[in-house]
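One letter stands for each residue in the lines below.
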Amino acid sequence: MENIQKTQINRNIQIITEEVQYLNSASLGIFFYQGSRNEEKDNQGITHLIEHMLLKGTKNKSATDISYLVESRGSIIDAFTSKEITGVYSRFLVDNSCFDFMADLLCEIITDSVFDEQELAKEKNVIVQEILESQEDPSDAAFSLLFEALFPQHPLSFQIAGTLNSIQTINRDYLVSYYRNNHLNTKICVVAVGKVAHEENVSKFQSKLTELSAKDVSHRQCLTPPKSQYALGIQPRNDLNQVYCVLGNITFSYQDERKYALSVINTALGGSLSSRLFQRLREKEGLVYTISTFGDLYVDIGVWGLYFITDNKNLSRVINIIFEENKKLKKEKLSQKELELAINFCKGNLVLGLENPMSRMMRIGKNELLLNRVVSIKESLDQYTRLSLDEVNDIIDDVININFAGGIVGPINEQEIRKIDCLPKNIFISNSVK
């Protein structure tokens, strides 16, 4: 039975605790409703740069001090940036007053980070290496092309790490101002999962955070992405032996209850070893090693798609089979057996994935910021259990759109791609470096 408690300390800050007594560890995080999609073209990557700098020293501790103090306690500390949320978090043993130490440290990091000029210069160089590494990764490049095709000129298409040019133009004063005006003036939630009492969690954070984000931020709405033009981005890479392809279209948002049915359809089509695409393309035809479907859901919109890697000579055949299977699914729908298998798989994945307190913490933070409430595991499991065959099949046409946007990276050229009838004819070519 979940034991989740919430306390609102001002109009924008929630403190949430899931007490799990049988654990010997706990996870603690501070999450901001601020991500890369809140950026503009000229400051791409600033949210990610802030995330890096939050661990690079406070008024009282250097970056090295933070690392030594955390790791000497057998603990970890880290941060992340996504398109809609930024967070700083830790995982630690619950003995030896580790909670008190970690809570104090996380508060210090978000309120007293100094954003040192020398550390900033070094971290910019680190992020440049990160960007270059990502650009050389054909999988990352293919997904980037998909988002450029689906959301042209919109922040959802921006690279979370930014561009080589944008990172270099951000100075310290602008970075600090952006952090104070955005991260510290938006919805914030503190989440603790493990052998932690809610009263202890509230007591530790209330006095230190209550003055943050106290203004009315209801006007901070996410932008509405433009309608997809179903373009196709390609990146010729003759240094590669295989073709990396991702196809996708717009679907439901994270707030839409149909996301449970979407997850079942995703599983049945390509999200498991027993799925139609895996069985056809890998087990029967032997055309791919990697084939999967995915759903990326945001507060107001979602992306559903599929990803595979294959030899160039097999590309047309694989794409044609994918479209053939999609049309078959739209026409024949799922069987009762497929539905039951996919539901059980989704429920099992949900429960197994939440064995780790870190995963539970992340889930709670995302729920609170994007849904303004915490969805219990039981509620999610019940949502899957209640799904009927008709209910799932009724939305297949909304999910499986035969028109896809896409990104393709590999030893290809535009002429070869245009010969594949299923693909969009609105093609743009991307260079590897921006």
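For the structure itself, consult the block above.
What comes next is a walk through the structure. (Residues numbered from 1 in each chain as written. Predicted model: local features only at pLDDT ≥ 70, side-chain atom pairs only at ≥ 80, totals over all residues. Heavy atoms only, no water.)

## Structural notes on a negative patch on the surface
On the surface, a cluster of negative charge is contributed by E130, E133, E136 and D140. Tallying contributions element by element places helix α4 (residues 117-136) first for the negative patch, with 3 residues. Within the secondary structure, E136 is located in helix α4. What makes E136 exposed here is its relative accessible area of 60%. (Patch = residues over 30% accessible without salt bridge, like charges linked within 9 Å, V, L, I, M, F, W, Y side chains within 5 Å. Areas by Shrake-Rupley, 256 points an atom, 1.4 Å probe, with all protein chains shown as cover. Salt bridge = Lys/Arg side-chain N within 4 Å of Asp/Glu carboxyl O. Lys, Arg positive; Asp, Glu negative; His and termini not counted. Charge placed at Lys NZ, Arg CZ, Asp CG, Glu CD. Helix = DSSP H or I, 4+ residues; strand = E, 2+ residues; numbered from the N terminus. Buried < 20%, exposed > 50% of the residue type's maximum accessible area, 1.4 Å probe, protein only.)

## Re helix α12 (residues 336-353)
The first and last C-alpha atoms of α12 sit 26 Å apart over 18 residues, in line with the 26 Å expected at 1.5 Å per residue. On the buried face of α12, the contacting elements are α9 (259-270), α13 (357-371), α14 (377-386) and α15 (389-394). (Expected span 1.5 Å × (residues − 1). Contact = heavy atoms within 4.5 Å.)

## As for the pattern of salt bridges
For the structure shown, the criterion picks out 27 salt bridges. Across the pair R280 and E285 runs a salt bridge whose closest N-O atoms are separated by 3.2 Å. One salt bridge connects R280 with E324, and the closest N-O pair in it is separated by 3.1 Å. Here R280 is found in helix α10 (residues 276-284), whereas its partner E324 is found in helix α11 (residues 315-332), with 44 residues between them in sequence. When its relative accessible area of 41% is taken as the criterion, E324 is described as partly exposed. What you see here is one network of salt bridges that share partners, running through R280, E285, R317, E324 and E325.

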